[in-house]
Amino acid sequence: MLWETIRLALQAITRNALRSFLTVLGVVIGVAAVIAMVTVGQGSSEQVRASVASLGTNVLMVRPGKQMMGPGARESAPAFSLHDATALADLPAVQAVAPIVTTGQTAVFGNANVATSVTGTTADYLTVSNWTVLRGRAFAPGEEAAGAAVCILGESLRRALFGAADPTGAVIRLKTVSCQVIGLLQAKGAGAMGQDQDDFILMPIRAVQRRLLGMQDVSTLSVALAPGVSTARGIRDVEALLRERRRIGPGQEDNFSVLDMAQIASMLSSVNAVLTGLLSSVAAVSLLVGGIGIMNIMLVSVTERTREIGIRLAVGASAAQVMTQFLVEAVVLSVIGGVLGIALGLGLAFLAAQIMVIPFSPSLGVVALAFLFSGFVGVIFGFFPARRAARLDPIEALRYQ
Amino acid sequence: MAAAQPDAQPPAQPDGPPLIELRGITRVYGTGEAEVRAVDGVDLTIRQGEFVAIMGPSGSGKSTAMNIIGCLDRPSSGQYLFNGVEVAGLSRDQRAVLRREYLGFVFQGFNLLSRTSALENVELPLIYKGLGRAERAAQARAALDKVGLGGREGHDPSQLSGGQQQRVAIARALVGNPMLILADEPTGNLDTQRSHEIMDLLTRLNRDEGITIVMVTHEEGMAAFARRLVVFVDGRLARDEPVAPRGQGG
Ligand SMILES: Nc1ncnc2c1ncn2[C@@H]1O[C@H](COP(=O)(O)OP(=O)(O)OP(=O)(O)O)[C@@H](O)[C@H]1O
Ligand SMILES: [Mg+2]
């Protein structure tokens with residue numbers, strides 16, 4: 001009997017296909033928006049999690065100045081030096097320290113000319129930041145000490161400069177510096193903010209300081225804690241040593257900051273969650289509007305089909321049967337909208353995932369929820385029109401012109 | 001009027017058990033100044049197997065009475081027994097069941113569902129009886145055959161002539177094997193030729209299947225097909241008499 005009613009509802013819906021489509025458009029858009037938002041949000045959270053994991057969890061970022069981000073952060077604070085890095089590395093709590101300095105440069109090879117970022121650091125950087133040398137080798141200690149003009153390429157940059165060719169042994173140019181490619185890094189993909197992590201060059205820090213920047217500063221110290229050392233203890237030891245080295249008296253504020261990766265990760269995820277929630281609630285409002293559209297059309301439909309209802313009542317339909325018919329019609333209508341919306345939403349999320357270079361991670365739960373919710377919208381907004389239909393007086397309905 | 005079809009029919013007036021018993025039936029519309037007594041104290045008994053024509057001037061309460069007999073409407077006062085059951089005591093849904101199990105309606109305006117095939121229109125009452133699809137289709141086909149529309153099952157009302165549409169409506173009325181068919185001006189929209197075809201059909205259903213028929217008409221020629229004539233004036237019964245068999249002048 002229910003299947004029969006559904007068939008009947010489909011008939012009524014297809015009889016006026018264009019109007020039915022326009023009616024459910026609201027639900028389609030609402031559901032599509034919710035699905036797309038949630039799916040993209042989930043993909044980017046996953047991305048954050050993955051890239052944080054790739055950074056290593058037991059790593060501290062140490063930078064001059066009071067805050068990590070924001071304007072005026074590091075203006076007056078003195079920079080670090082390579083001696084700071086060596087001193088930190090001697091702490092028992094610390095496993096390795098990678099001093100880092102970065103600069104934007106144009107890399108040239110043959111006719112290829114690519115703007116990229118150059119990171120000056122030591123071989124420890126590979127450990128601290130979880131990079132693997134895919135081909136070739138890391139810096140030798142002699143090259144680090146001498147500031148030799150050698151470099152290791154990120155995968156994106158390699159592709160841009162060399163295409164399919166093997167770059168090891170080739171010589172690229174940065175400013176006036178000719179630099180021999182000794183290695184190639186395994187790709188990591190997009191980072192937490194959707195940036196391309198593989199578009200960079202690694203050089204010995206002394207080479208970057210002397211040959212490219214002409215100074216001795218270190219802008220960041222990336223500190224990997226020894227296994228079994230808690231983050232809190234690591235931070236305490238690092239801060240104590242740096243306060244001493246930078247001659248900060250008791251009671252004076254730090255002129256540097258220490259941030260751990262877990263902190264960064266949770267910050268990024270919470271921003272993500274708030275954004276997703278906000279956009280989803282906007283989308284939910286459009287679902288509500290879609291439901292009201294369905295109610296409106298169902299009311300029009302009840303009026304339009306007053307005579308039909310009269311005929312059905314006259315040949316013996318009960319109030320409940322008429323009610324069921326219109327309710328099922330509303331539900332079928334909005335569920336069709338829901339299914340279209342789910343398809344559209346997933347399609348949009350897939351496109352967005354391609355463009356933003358994040359994983360496409362549709363969740364069955366959300367899809368099922370959207371489906372159920374669209375059915376629910378049909379019941380809620382179909383109820384009133386259906387009840388109106390069921391309460392019609394058969395004689396009045398038959399006489400209706 | 002020269003009736004063209006002098007069928008020899010068995011003249012015996014049916015004397016089965018009473019199917020419809022109206023006792024002091026009154027239907028009042030509105031209140032106070034605007035009060036209209038559309039039906040005013042009607043007593044009428046119709047027995048199983050009868051073919052009754054109701055006539056009367058416009059506004060005399062014929063349709064109102066038909067609606068009450070058809071359990072679509074309830075009287076303001078008076079007693080109505082259908083097949084021995086007091087209808088006044090029935091709920092809306094119980095009356096719907098009664099309509100679906102025992103009654104068939106034929107309206108002046110056909111009242112078919114548009115953009116719905118003849119077959120599906122005829123199937124309509126069976127849907128509410130809860131019959132399966134195959135059984136519905138079989139019974140609806142049989143009903144369409146009976147009214148001479150076999151082969152037009154798939155046509156929409158818009159693809160059928162007025163006479164054909166009315167025959168679809170009759171098929172819909174008789175598909176549930178009703179005891180009673182109520183026809184309110186069934187030939188009102190048809191020319192004489194089509195009207196006679198419809199009347200022949202109703203006559204056959206009455207004679208061959210024993211279905212009781214109550215029909216409202218404005219035309220003497222149509223009333224002549226019935227075997228009893230009831231005349232309403234101002235909501236009251238003005239006349240109630242047997243109809244002379246056709247072909248003997250009338
Ligand atoms: N819903 C209603 N509300 C108020 N008055 C009504 C209603 N239905 C019918 N009437 C009145 O009741 C009286 C009888 O109407 P009814 O339709 O029964 O007449 P009828 O004999 O069928 O007329 P006709 O031959 O024109 O069809 C009329 O005066 C009509 O105006
Ligand atoms: Mg009338």
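Here goes a summary of the coordinates provided. Being a predicted model, the structure only gives us computed values, none of them experimental.

So, the overall build of chain A
Broken down by element type, chain A carries 13 helices and 10 strands. By residue count, 51% of the 401 residues in chain A fall in the buried class. Partitioning the intrachain contacts of chain A with sequence separation of at least 6 by distance along the chain shows that 78% fall at a separation of at least 24. Accessible area for chain A stands at about 18,300 Å²; split by element, carbon and sulfur atoms hold 63% of it.

So, the overall build of chain B
Helix and strand counts for chain B stand at 7 helices and 10 strands. Considering only residue pairs separated by 6 or more positions, chain B has 72% of its internal contacts joining residues 24 or more positions apart. Carbon and sulfur atoms make up 47% of the accessible area of chain B, which amounts to about 10,600 Å² in all.

Comments concerning the interface of chain B and chain A
Facing 25 residues of chain B, the contacting portion of chain A comprises 25 residues. Of the roughly 2,300 Å² buried at the junction of chain B and chain A (both faces included), carbon and sulfur atoms supply 53%. If you sort the residues of chain B by the area they bury against chain A, Arg92, Asn111 and Tyr128 of chain B come out on top, with a joint share of 28%. Across the chain B-chain A interface, the total number found is 0 salt bridges. Summed over the shared surface of chain B and chain A, the result is 9 residue pairs in polar contact (both at pLDDT 80 or more). Put simply, the parts of the chain that give the side of chain B that touches chain A at least two residues each are helix H2 (92-102), strand S6 (103-107), helix H3 (118-129) and helix H4 (133-146) of chain B.

A closer look at the site of ligand 1
If you check the shell around ligand 1, you find 15 residues, and the closest are Ser58, Gly59, Lys62, Ser63 and Thr64 of chain B. Note that an oxygen atom of ligand 1 is positioned 2.5 Å from one of the side-chain N or O atoms of serine 58 of chain B. Between threonine 64 of chain B and ligand 1, the recorded distance is 2.5 Å, taken from a side-chain N or O atom to an oxygen atom. Compared with its free state, where it exposes 630 Å², ligand 1 has 66% of that area covered by protein. Elements represented by at least two residues in the shell around ligand 1 include exactly helix H13 (394-399) of chain A together with strand S2 (36-47) and helix H1 (62-69) of chain B. A total of 3 residues in the shell around ligand 1 trace back to one element, the largest contributor, which is H1 of chain B. In the shell around ligand 1, the residues fall into 4 nonpolar, 7 polar and 4 charged.

Observations concerning the packing of helix H9 (residues 261-304) of chain A against helix H11 (residues 319-356) of chain A
The axes of two packed helices give the description: the angle between them and the distance between them. All names here are of chain A. Put simply, H9 and H11 touch, their axes get as near as 11 Å, and they point 140° apart. Classified by the angle their axes make, H9 and H11 are oblique. Remark: the crossing between H9 and H11 carries right-handed chirality. Here Ile294, Met298, Ser301 and Val302 of H9 come into contact with H11, specifically with Phe326, Glu329, Ala330, Leu333 and Ser334.

What to know about the sheet that holds S2 of chain B
Residue and element names in this part refer to chain B. Here 4 strands make up an open sheet; going across it, the order is S2-S1-S4-S5 and the pairing antiparallel. Every interior strand has two partners, whereas the edge strands, S2 and strand S5 (85-86), have only one. Two elements, strand S1 (residues 18-29) and S2, share 8 bridges in a ladder whose sense is antiparallel. Among the inter-strand pairings, valine 28 is bridged to a residue of S2, identified as arginine 37. Along the sheet, H1 contacts S1, S2 and strand S4 (77-82); its crossing angle with S1, the most-contacted strand, is approximately 125°.

Details of helix H6 (residues 192-209) of chain B
Residues and elements named next belong to chain B. Spanning 18 residues, H6 covers 25 Å between terminal C-alpha atoms, matching the ideal 26 Å at 1.5 Å per step. By the burial criterion, the buried members of H6 are Ser195, His196, Ile198, Met199, Leu201, Leu202, Thr203, Leu205 and Asn206. Those residues of H6 that are buried are in contact with strand S3 (51-55), H4, helix H5 (162-174), strand S7 (180-184), strand S8 (212-216) and helix H7 (220-223). With a side-chain oxygen positioned 3.2 Å from the backbone nitrogen of glutamine 193, the residue opening H6 is aspartate 191. One or two steps after H6, the chain reaches glycine 210, where phi turns positive at roughly 70°.

Details of helix H1 (residues 2-15) of chain A
When the terminal C-alpha atoms of H1 of chain A are compared, their 20 Å separation across 14 residues agrees well with the 20 Å that a helix rising 1.5 Å per residue should span. Along H1 of chain A, the residues that are buried comprise Glu4, Thr5, Arg7, Leu8, Ala9, Ala12 and Ile13 of chain A.

Details of the nonpolar core
Counting 72 residues, the largest nonpolar core has Phe326 of chain A together with Ile20, Leu22, Tyr80, Phe82, Leu180 and Val214 of chain B as the members making the most contacts within it. In terms of residue count, the dominant contributor to this core is H11 of chain A (10 residues). Once residues lying within four places of it in the same chain are set aside, the contact partners of phenylalanine 326 of chain A are Met298, Ser301, Val302, Arg305, Ile309, Ala386 and Ala389 of chain A. Judged by nonpolar contacts, the second largest core, of 48 residues, contains Val62, Ala87, Val177 and Val229 of chain A.

Observations regarding unusual backbone geometry
Residues and elements named next belong to chain A. Unlike most non-glycine residues, arginine 247 shows phi in positive territory, near 60°. Here arginine 247 lies in the loop between helix H8 (231-245) and strand S10 (256-260). With a relative accessible area of 73%, arginine 247 lands in the exposed category.

Observations regarding the packing of aromatic side chains
Residues and elements named next belong to chain A. Scanning the entire structure with this criterion turns up 6 aromatic pairs over all chains. Each ring, one from phenylalanine 350 and one from phenylalanine 360, has its centre 5.1 Å from the other, and the planes form 90°; the classification is edge-to-face. Of this pair, phenylalanine 350 sits in helix H11 while phenylalanine 360 sits in the loop between H11 and helix H12 (364-390), and the two are 10 residues apart along the sequence. Of the residues examined, phenylalanine 360 reaches a relative accessible area of 32% and is grouped as partly exposed. Looking at lysine 188, its charged tip hangs above the ring of tryptophan 131, at a distance of 4.1 Å from the centre.

Quick word on the pairing of S7 of chain B
All names here are of chain B. In terms of burial, S7 is largely enclosed, as 5 of its 5 residues are buried. The side-chain alternation of S7 yields two buried faces, one formed by Leu180, Leu182 and Asp184 and the other by Ile181 and Ala183. By the bridge criterion, 5 bridges tie S6 to S7 in an arrangement that is parallel. Among the inter-strand pairings, phenylalanine 107 is bridged to a residue of S7, identified as aspartate 184. A crossover connection joins S7 to the parallel S8 through H6; in handedness this β-α-β unit is right-handed.

Rules and cut-offs
- Residues numbered from 1 in each chain as written.
- Chains lettered and ligands numbered in written order.
- Predicted model: local features only at pLDDT ≥ 70, side-chain atom pairs only at ≥ 80, totals over all residues.
- Heavy atoms only, no water.
- Helix = DSSP H or I, 4+ residues; strand = E, 2+ residues; numbered from the N terminus.
- Buried < 20%, exposed > 50% of the residue type's maximum accessible area, 1.4 Å probe, protein only.
- Contact = heavy atoms within 4.5 Å.
- Areas by Shrake-Rupley, 256 points an atom, 1.4 Å probe, with all protein chains shown as cover.
- Buried area = accessible area lost by both parts, 1.4 Å probe.
- Salt bridge = Lys/Arg side-chain N within 4 Å of Asp/Glu carboxyl O.
- Polar contact = N/O pair within 3.5 Å; in protein donor to acceptor, adjacent residues only side chain to side chain.
- Near = heavy atom within 4 Å.
- Nonpolar A, V, L, I, M, F, W, Y, C, P; charged D, E, K, R; others polar.
- Axes fitted to C-alpha atoms, helices over the stretch in contact; angles between N-to-C directions.
- Parallel < 35°, antiparallel > 145°, perpendicular 65-115°, else oblique.
- Left-handed = near helix turned anticlockwise from the far one by under 90°.
- Pairing = 2+ DSSP bridges.
- Expected span 1.5 Å × (residues − 1).
- Core = buried A, V, L, I, M, F, W, Y, C linked by side-chain atoms within 4.5 Å.
- Phe/Tyr/Trp six-rings, centres within 6.5 Å; stacked < 30°, edge-to-face > 60°.
- Lys NZ or Arg CZ within 6 Å of the ring centre and 35° of its normal.
- Right-handed = clockwise from strand over helix to strand, strands pointing away.

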